[in-house]
Each structure stands twice: as C-alpha cells, then as structure tokens.
Amino acid sequence: MLRRIQPLIAPRLERERKVLEALDREPRPLAALVERAYAETPRELWAYAERSLLAHLLKLEAEGRARGHGETWSAA
C-alpha cells in the first residue's frame, strides 16, 4: 500500500510549497492565490484548483503557517 501512496506524496508537497510561496502578508482571495500557485495549470481548470488550494490552506492554517481572513488568506 505504501508503494502506491509514496508517488503521490512528492507532488502534494511540491504543490504545498507553491501555495506557501503564493502567500504573503497581504490577505488575498482564492482566485488571486490560484493564479500564483497554479500558474502552470490551464485556466479552465482553476475552479477545480481552487478546491485543492483551499484544502492546502486549511492544512497550513491548522499548522499555523497560513491565516484565513474570511474570504482571503495570508501567510501566518
């Protein structure tokens, strides 16, 4: 089972790194963060990418590395 999951971990960690890089002290809406963290993703998929982005942000918030401000997010 671990052999099946292991290849999925590295891409998730890389995306998490991009999400962290997209955050700064100024709170930004998800749409602005998707543009930064998913720049290589086709624009027509950004609505789906927002859901993945939100999952990353919620995880990062639980770890104290991101901060939600209503509809916007910033670095913690």
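Report on the accompanying structure. Predicted, not measured: the structure shown is a model, and the values here were computed from it. (Residues numbered from 1 in each chain as written. Predicted model: local features only at pLDDT ≥ 70, side-chain atom pairs only at ≥ 80, totals over all residues. Heavy atoms only, no water.)

## Description of the overall build of the protein chain
- In terms of helices and strands, the protein chain carries three helices and three strands.
- Along the protein chain, helices (α) and strands (β) appear in the sequence α-β-α-α-β-β when read from the amino end.
- Seen through its C-alpha atoms, the protein chain measures out along the principal axes to roughly 40 × 30 × 15 Å.
- In the protein chain, buried positions account for 30% of the 76 residues.
- Taking the contacts inside the protein chain whose residues are at least 6 apart along the sequence as the reference set, 48% of them involve residues at least 24 apart. (Helix = DSSP H or I, 4+ residues; strand = E, 2+ residues; numbered from the N terminus. Buried < 20%, exposed > 50% of the residue type's maximum accessible area, 1.4 Å probe, protein only. Contact = heavy atoms within 4.5 Å.)

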